[in-house]
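Okay, here's what each chain looks like letter by letter:
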Amino acid sequence: MSSNSIDFCLSCSKKGHANHNITKCTKCKDTVNKGIGANCTTDLNLSRFDKMIFDPLKYQNDVIDDSDGDEFKCRTCTYMMPDQFSTSTLASKDNNFSILNVNTRSLSKKFEKLKECIKSTKHDFTIIGLSETHFKNKPHDYYKLTGYNTEYVNRIDREKGGVCLYVSENVKYKLRKDLSNATSNYEACFIEIDQENDKNIIVGVLYRAHTSIDSFIQDINPTFEKIANENKTCYVMGDFNIDLLKEDTCRPTRDYINMVFSYSFIPTIFKPTRITDETATIIDNILTNKKLITRNSQVQLIREYSVTEILDCLNINCLK
């Protein structure tokens, strides 16, 4: 780039002059922000994060079912590229319930990339949850996904934030307005899926604003309590902006984890979801109170550096 040229980072979409913190991958030639740590996919070395694991067994052993003799370990939380996921057994149509959790950081800017990434997985997800949609009003019809209904909650009186659920048209559900909310600490959207021969399933997406964790805990606690009292299977996905890896060094983080487990929820993602050259954090997750987590319940963390402008990581939870 010339000294006066302007280019965009393909990961964070920020403008940058040649003398700013902008570079190009030597292999794929994509323009990236050095701080993002994005490189050509052939250069990824995700094995360095194998020991950076949040261990849920330290908090609650009785949510794990190893009655089949197969010990539950964090290896069930793995990294994949979209094309790898598309050829895995998890992408099979036999998986009749699956959740995709995405932090879009402005859906209007990333919608085409989102569709491209979803298409590359070759899987029809039951529920797709988006955080940081940045919408101020009802989403335009342009942002509809074929085969899905749309539910949303926007941030009130402030910029950015917001959440959205894409729900498969094959699913019979109702919006849970009593659980959906927008406060100074978070935005959340919940639905309840009707089950003919079983208890209904509650699914929600949540984005926590950058307020104090203590305030968030106080604010969200009644929602978890209400869900727990209904005794229904529930999944809560989103960007919680609380790094689980800080459980031993940050008291509010530990308090948040204790609250989650006190209502019999468990994080299904144990490895870093937000990664740069210098940091790795577990701030995106899919929480569930589903009692049986076995080898058939797996979490895939999909990374796609070469084409995506969506986020650092797509969290995928596929359950048979």
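Model, not experiment: these values are computed from the prediction.

Looking only at helices and strands, the chain features four helices and 20 strands. With 320 residues in all, the chain has 54% of them scored as buried. A separation of at least 24 residues holds for 67% of the contacts in the chain among residues at least 6 apart in sequence. When the accessible surface of the chain is split by element, carbon and sulfur atoms take 45% of a total near 15,300 Å².

In terms of burial, strand β6 (residues 97–103) is a largely internal element, seven of the seven residues being buried. Alternating residues of β6 divide into F97, I99, N101 and N103 and S98, L100 and V102, and every residue in both groups is buried. Considered for its hand, the β-α-β crossover made up of β6, helix α2 (residues 107–121) and strand β7 (residues 127–131) is right-handed.

Further remarks concern the environment of V102. Tracing the sequence through the fold places V102 in strand β6. A sequence separation of 182 residues divides V102 from D284, and the C-alpha atoms of the two residues are 8.7 Å apart.

What follows deals with the side chain of N285. With respect to the element layout, N285 can be found in strand β18 (residues 284–288). According to the relative accessible area criterion, N285 is buried, its value standing at 4%. Engagement of the side chain of N285 in a polar contact is seen with the backbone nitrogen of T268, the distance being 3.3 Å.

What follows concerns the pairing of strand β12 (residues 186–193). Of all eight residues in β12, eight are buried; the element is thus mostly enclosed. Here β12 shows a buried face lined by Y186, A188, F190 and E192 and a second buried face lined by E187, C189, I191 and I193. The sheet contact formed by strand β10 (residues 173–175) and β12 spans three bridges and is antiparallel. Opposite K174, over in β12, you have E192 as the bridge partner. For strand β11 (residues 181–182) and β12, the ladder comprises two bridges, and the chain directions are antiparallel. Of the residues in β12, the one forming a bridge with N181 is A188. Here β11 folds back onto β12 in antiparallel fashion, the turn holding three residues. Sheet analysis places β12 next to strand β13 (residues 201–208), joined by eight bridges and oriented antiparallel. Paired with C189 across the bridge in β13 is V205.

Calculation criteria
- Residues numbered from 1 in each chain as written.
- Predicted model: local features only at pLDDT ≥ 70, side-chain atom pairs only at ≥ 80, totals over all residues.
- Heavy atoms only, no water.
- Helix = DSSP H or I, 4+ residues; strand = E, 2+ residues; numbered from the N terminus.
- Buried < 20%, exposed > 50% of the residue type's maximum accessible area, 1.4 Å probe, protein only.
- Contact = heavy atoms within 4.5 Å.
- Areas by Shrake-Rupley, 256 points an atom, 1.4 Å probe, with all protein chains shown as cover.
- Right-handed = clockwise from strand over helix to strand, strands pointing away.
- Polar contact = N/O pair within 3.5 Å; in protein donor to acceptor, adjacent residues only side chain to side chain.
- Pairing = 2+ DSSP bridges.

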